[in-house]
Amino acid sequence: MKIAISSDHGGNNLRKEIMSLLDEMSISYEDFGPQTDDSVDYPDYARPVAERVAAGEFDRGILICGTGIGISIAANKFKGIRCALVHDVFSAKATRCHNDSNVLAMGERVIGPGLAREIVETWLNTEFEGGRHIRRVEKISEIEG
């Protein structure tokens, strides 16, 4: 599995925590920044992750901003992206099982590093159930055009 990861300035600390987790899990990733704590615009950092996951260059993506809201909205503008904003373990599992989410968004100002680690581990280790959920995911793709 190969992961694309990025954040804005509001998610820098949590992004670094998640990259440490990915290292511990021996999961390959590419960091799309930012590399400083200077204020940046979250759409600029959602774009490279969403584009590359949509193109199949990465299996999944992880995005982090202050709340996770803005960066998830930006990511979901890209065809083929199903970005789920998650702040609990149950939702992390459900969005993989039922929605086949391919990008995970979280908010550093909303959850702490311990919970974020649990969410990421659950999200990465949960497979799409398929079955009746395939029809629903296909309908999302139809909406995209």
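Data block above holds the structure.
A brief look at the structure comes next. (Residues numbered from 1 in each chain as written. Predicted model: local features only at pLDDT ≥ 70, side-chain atom pairs only at ≥ 80, totals over all residues. Heavy atoms only, no water.)

A few points about the overall build of the protein chain
Next up, step 1: Looking only at helices and strands, the protein chain features six helices and five strands.
Next up, step 2: In sequence order, the protein chain lays out its α and β elements as β-α-β-α-β-α-β-α-β-α-α.
Next up, step 3: For 145 residues, the compact-globule estimate of 2.2 N^0.38 gives 15 Å, and the protein chain sits close to it at 14 Å.
Next up, step 4: For the protein chain, the spread of C-alpha atoms along the three principal axes comes to 45 × 30 × 25 Å.
Next up, step 5: A total of 145 residues make up the protein chain; the buried ones form 47% of that total.
Next up, step 6: Contacts in the protein chain between residues at least 24 apart in sequence constitute 69% of all its contacts with a sequence separation of at least 6.
Next up, step 7: Split by element, the accessible area of the protein chain, about 7,100 Å² in all, is 47% carbon and sulfur.
Next up, step 8: Both charge centroids of the protein chain, one from 17 positive and one from 23 negative side chains, sit 7 Å from each other. (Helix = DSSP H or I, 4+ residues; strand = E, 2+ residues; numbered from the N terminus. Rg over C-alpha atoms; globule rule 2.2 N^0.38 Å. Buried < 20%, exposed > 50% of the residue type's maximum accessible area, 1.4 Å probe, protein only. Contact = heavy atoms within 4.5 Å. Areas by Shrake-Rupley, 256 points an atom, 1.4 Å probe, with all protein chains shown as cover. Lys, Arg positive; Asp, Glu negative; His and termini not counted. Charge placed at Lys NZ, Arg CZ, Asp CG, Glu CD.)

Let's talk about the packing of helix 4 (residues 89–99) against helix 5 (residues 113–125)
Next up, step 1: Contact geometry for helix 4 and helix 5: axes closest at 8 Å, N-to-C directions at 20 degrees. The angle between helix 4 and helix 5 places the two elements in the roughly parallel class. Helix-helix and strand crossings are classified by hand; for helix 4 and helix 5 the assignment is right-handed. Contacts between helix 4 and helix 5 involve Val89, Ala92, Lys93, Thr95 and Arg96 from the first element and Leu115, Glu118, Ile119, Thr122 and Trp123 from the second.
Next up, step 2: Split into classes, the residues belonging to the contact of helix 4 with helix 5 amount to five nonpolar, two polar and three charged. (Axes fitted to C-alpha atoms, helices over the stretch in contact; angles between N-to-C directions. Parallel < 35°, antiparallel > 145°, perpendicular 65-115°, else oblique. Left-handed = near helix turned anticlockwise from the far one by under 90°. Nonpolar A, V, L, I, M, F, W, Y, C, P; charged D, E, K, R; others polar.)

Observations concerning the sheet that holds strand 5 (residues 103–107)
Next up, step 1: On the basis of which strands lie adjacent, the open sheet formed by five strands has the order 2-1-3-5-4 and parallel pairing. Two strands in the sheet have a free side with no partner beyond their single neighbour: strand 2 (28–31) and strand 4 (83–85). Going across the sheet, the axis of each strand differs from the next one's by a mean of 20 degrees, ignoring polarity.
Next up, step 2: As defined by bridge partners, strand 4 adjoins strand 5 across three bridges and the pair is classed as parallel. (Pairing = 2+ DSSP bridges.)

Digging into the pairing of strand 2
Within a regular beta strand, the side chains point alternately toward one face of the sheet and then the other, so they alternate between its two faces.
Next up, step 1: Here strand 1 (residues 2–7) pairs with strand 2 via four bridges, running parallel. Among the inter-strand pairings, Ala4 is bridged to a residue of strand 2, identified as Glu30.

Things to note about the packing of helix 1 (residues 12–24) against helix 5
Next up, step 1: One can describe the packing of helix 1 onto helix 5 by two numbers: an axis separation of 10 Å at closest approach and a directional angle of 50 degrees. Comparing their axes, helix 5 and helix 1 come out oblique. Helix 5 is crossed by helix 1, and the crossing has right-handed handedness. Each of Leu14, Glu17, Ile18, Ser20, Leu21, Leu22 and Glu24 in helix 1 lies in contact with helix 5, whose residues at this interface are Pro113, Ala116, Arg117, Val120, Glu121 and Leu124.
Next up, step 2: Class assignment of the residues belonging to the contact of helix 1 with helix 5 gives a composition of eight nonpolar, one polar and four charged.

A few points about the pattern of salt bridges
Next up, step 1: By the definition in use, this model includes seven salt bridges.
Next up, step 2: Salt-bridge contacts for Arg117 lead to Glu24; the nearest nitrogen and oxygen are separated by 2.9 Å. Pair noted here: Arg117 is in helix 5 and Glu24 is in helix 1, with a separation of 93 residues, a long-range link.
Next up, step 3: Given a relative accessible area of 18%, Arg117 falls into the buried group.
Next up, step 4: Judged by relative accessible area, Glu24 falls into the exposed class, the value being 55%.
Next up, step 5: Here Glu51 ties to Arg47 by a salt bridge, and the two come within 3.1 Å at their closest N and O atoms. (Salt bridge = Lys/Arg side-chain N within 4 Å of Asp/Glu carboxyl O.)

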